Amino acid sequence: MTTRIEPFKAIAISELAHRLKAEGKPVIHMEFGQPSTGAPKAAIETAHRVLDSDAMSYWESAPLRARIAAQYRETYGLDIAPERVVLTAGASPALLLAMLAGFEAGDRIAMARPGYVAYRNTSRAIHLQPVEIDCGPETRYQLSAQMLAEMDPAPAGIIIASPANPTGTILPPEELAAIAEVCKARGIRIISDEIYHGIAYDKPTPSVLEFDDGAFIVNSFSKYYSMVGWRLGWIIAPEDKADTVRAYRGNLFLTPPSLSQHAALAAMDCHKELEAHVQTYRANRAALLEALPRMGLSSIAPPDGAFYIWADIGHLTDNSLAFCERLLRDTFVATAPGLDFDPVNGHRFMRFSFAVSTPEVKEAISRMEPWFAALRGS
Ligand SMILES: Cc1ncc(COP(=O)(O)O)c(C=O)c1O
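Everything numeric in this text was worked out from a predicted model, so none of it was measured.

Which residues make up the UniProt feature "domain: Aminotransferase class I/classII large" (unreviewed entry) in the protein chain, and what values go with them?
In the numbering used here, UniProt assigns the feature "domain: Aminotransferase class I/classII large" (unreviewed entry) to residues 27-367. Its end C-alpha atoms 11 Å apart, residues 27-367 is made of 40% helix and 15% strand.

Now, about the sheet that holds strand β7 (residues 216-220): what can you tell me, with residues and values included?
The strand order across the open sheet formed by seven strands is β2-β8-β7-β6-β5-β3-β4, and the pairing between neighbours is mixed. Both outer strands of the open sheet, β2 (85-88) and β4 (129-134), are each paired with one neighbouring strand and no more. For this sheet, the mean angle separating the axes of adjacent strands, direction not counted, is 25°. Inspection of the sheet shows strand β6 (residues 189-193) paired to β7 by three bridges, in the parallel sense. Its bridge partner being in β7, S192 is matched across the sheet by I217.

Residue-level account of the environment of D212, with values.
Tracing the backbone shows D212 in the loop between β6 and β7. We classify D212 as buried; its relative accessible area is 14%. The sequence separation of D212 and P238 amounts to 26 residues, and the corresponding C-alpha distance is 9.5 Å. A distance of 2.8 Å separates a polar atom in the side chain of D212 from the backbone nitrogen of G214.

Any details on the packing of helix α11 (residues 320-331) against helix α12 (residues 358-377)? Residues and values, ideally.
At a closest axis distance of 10 Å, the pairing of α11 and α12 adopts a crossing angle of 125°. One finds that α11 runs oblique with respect to α12. Judged by the twist between their axes, the crossing of α11 over α12 is right-handed. In contact with F323, R326, L327, D330 and T331 of α11, α12 contributes R367, M368, W371, F372 and L375. A breakdown of the residues in the contact of α11 with α12 according to their chemical character gives six nonpolar, one polar and three charged.

Kindly report on the packing of aromatic side chains, identifying the contributing residues and their values.
Tallied over the entire structure, the rule returns 16 aromatic pairs. Each ring, one from Y196 and one from F307, has its centre 5.6 Å from the other, and the planes form 85°; the classification is edge-to-face. With Y196 in the loop between β6 and β7 and F307 in the loop between α10 (271-294) and β9 (308-312), this pair connects stretches of sequence that are 111 residues apart. Residue F307 is classed as buried on the basis of its relative accessible area of 0%. Residues F221 and Y225 carry aromatic rings whose centres are separated by 4.9 Å and whose planes lie at 45° to one another, so their mutual orientation is tilted.

Could you give me a rundown of the site of the ligand, with the residues and numbers involved?
As a structural note, the neighbourhood of the ligand is formed by 13 residues, with A91, S92, D193, Y196 and S220 the closest of them. A distance of 2.6 Å separates a nitrogen atom of the ligand from a polar side-chain atom of D193. One of the side-chain nitrogen or oxygen atoms of K223 is found 2.7 Å away from an oxygen atom of the ligand. For the ligand, whose free accessible area comes to 400 Å², the fraction covered by protein is 92%. Among the residues making up the shell around the ligand, the classes are represented as five nonpolar, five polar and three charged.

Kindly report on unusual backbone geometry, identifying the contributing residues and their values.
Note on backbone geometry: most residues besides glycine have negative phi, and most peptide bonds are trans. At the junction of D152 and P153, the peptide bond is cis and its omega measures out at 0° in the coordinates. Looking at the secondary structure, you find P153 in the loop between α6 (145-150) and β5 (157-161). A cis geometry characterises the amide bond from N165 onward to P166, with omega recorded as 20°. Considering the arrangement of structural elements, one finds P166 in the loop between β5 and α7 (173-186).

Give a description of the domain arrangement of the protein chain that names residues and reports values.
Entries for the protein chain in the domain assignment read domain 1 (9-39 + 272-377) and domain 2 (42-269). Each of domain 1 and domain 2 has a C-alpha centre, and these two points are 26 Å apart. On the side of domain 2, 36 residues touch domain 1, which itself brings 33 residues to the contact. Across the interface of domain 1 and domain 2, roughly 2,800 Å² is buried in total on both sides, 55% from carbon and sulfur atoms.

How would you sum up the packing of helix α2 (residues 41-51) against helix α9 (residues 258-267)? Please name residues and give values.
Between α2 and α9, the shortest axis-to-axis distance is 8 Å and the interhelical angle comes to 145°. In terms of crossing hand, the pair formed by α2 and α9 is right-handed. Contacts from A42, A43, T46, A47, V50 and L51 in α2 reach L259, H262, A263, A266 and A267 in α9. In the contact of α2 with α9, the residues fall into nine nonpolar, two polar and no charged.

So what's going on with the environment of P35? Residues and values would help.
Within the fold, P35 resides in the loop between β1 (28-29) and α2. Given the relative accessible area of 9%, P35 is considered buried. Note: C-alpha distance between P35 and I300 (265 residues apart in sequence) is 22 Å. For P35, the contacting residues outside a window of four places in its chain are S222, K223, S226, V228, Y281, F307 and A355.

Describe the pairing of β9, listing the residues and the values that go with them.
Most of β9 is tucked away: five of the five residues are buried. Side chains of β9 alternate between two faces, with Y308, W310 and D312 and I309 and A311 buried alike. Both β9 and strand β12 (residues 349-353) contribute to a ladder of five bridges, which runs antiparallel. By the bridge assignment, A311 is partnered in β12 with M350.

So, how was this worked out
Residues numbered from 1 in each chain as written. Predicted model: local features only at pLDDT ≥ 70, side-chain atom pairs only at ≥ 80, totals over all residues. Heavy atoms only, no water. UniProt positions renumbered as here; feature names shortened; annotations may be inferred. Helix = DSSP H or I, 4+ residues; strand = E, 2+ residues; numbered from the N terminus. Pairing = 2+ DSSP bridges. Axes fitted to C-alpha atoms, helices over the stretch in contact; angles between N-to-C directions. Buried < 20%, exposed > 50% of the residue type's maximum accessible area, 1.4 Å probe, protein only. Polar contact = N/O pair within 3.5 Å; in protein donor to acceptor, adjacent residues only side chain to side chain. Parallel < 35°, antiparallel > 145°, perpendicular 65-115°, else oblique. Left-handed = near helix turned anticlockwise from the far one by under 90°. Contact = heavy atoms within 4.5 Å. Nonpolar A, V, L, I, M, F, W, Y, C, P; charged D, E, K, R; others polar. Phe/Tyr/Trp six-rings, centres within 6.5 Å; stacked < 30°, edge-to-face > 60°. Near = heavy atom within 4 Å. Areas by Shrake-Rupley, 256 points an atom, 1.4 Å probe, with all protein chains shown as cover. Domains from an automatic or database assignment. Buried area = accessible area lost by both parts, 1.4 Å probe.

See the structure below:
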């Protein structure tokens with residue numbers, strides 16, 4: 001049985017953005033959540049060096065697994081056995097593997113709507129049933145312990161993300177603890193997507209593992225480490241599921257890219273350089289939070305982390321895809337329509353990604369401000 005899943009709508013915007021750029025137009029890419037900076041310098045140097053000396057065989061790096069385990073001790077005070085760390089080609093396969101190892105076909109998996117598009121689509125692709133819960137500004141677009149306590153019947157699992165995509169909101173530690181408690185009481189398995197850890201502005205980002213050792217943690221080198229195209233991520237598997245995850249990984253993907261594993265080990269010691277990126281995101285966030293209300297976009301969830309702003313544009317359109325396309329054609333600023341993240345209400349939302357340089361954000365604002373003013377006037 002084939003399951004129909006939707007393509008990313010932001011890809012249509014991105015393709016148009018690239019066509020316009022090829023025509024010489026000054027496009028600013030704020031449609032995808034990818035750092036415009038490359039991998040840290042030491043990671044690139046390592047990759048150059050290793051290319052000349054390593055045959056790049058099938059390989060899972062024991063030093064990298066140990067280094068990731070050590071980071072859980074440094075960052076969260078958790079002792080994680082390196083055997084529980086499974087390296088993958090990014091958070092995307094990590095998510096798939098966690099779902100395969102954690103659930104059976106037909107299981108119901110709860111998730112916030114809006115949420116990252118692949119939660120819904122990957123669940124469907126492997127015949128799990130996504131149960132999207134409409135989450136609004138009252139819970140800062142996140143699932144709550146109360147919502148999970150009230151679900152009848154209880155789902156088999158949940159996927160949470162904090163900081164989240166598309167909103168950047170963070171679940172406070174007490175809410176995470178309450179969610180873990182409800183899940184434990186009701187036998188609900190947690191998948192926690194912690195890909196935006198490291199990119200937070202004022203609030204702490206505890207790992208779900210601090211509250212539930214049986215959760216699957218998904219993470220990646222794509223965001224904080226600025227290594228999107230290197231395709232490397234990891235799972236921290238529950239103790240009783242690590243072998244299953246590794247068996248699925250071996251059968252479906254063999255091993256993750258060797259070169260990236262060497263480079264990632266070096267990247268994990270590049271905090272000074274990576275913190276500078278976070279400071280850039282902080283400045284970009286501040287510039288947008290100041291400008292968007294002036295542009296009439298005042299219904300926004302100020303992001304606690306990640307590099308997104310989720311804005312309500314319901315007073316301007318009921319077709320966010322057409323709206324983002326028009327914005328792009330008129331100002332050459334590419335943004336993401338809300339439909340990818342919320343198939344029900346996303347027609348009246350858009351997402352700005354500010355993982356670009358601060359001059360680009362300022363230039364984007366200076367182009368968008370008169371555009372939005374003209375729209376409101378007409
Ligand atoms: C919340 C979330 N999870 C997972 C991913 C996939 O990341 P990766 O590049 O590691 O596959 C993304 C990518 O944007 C994301 O936003």
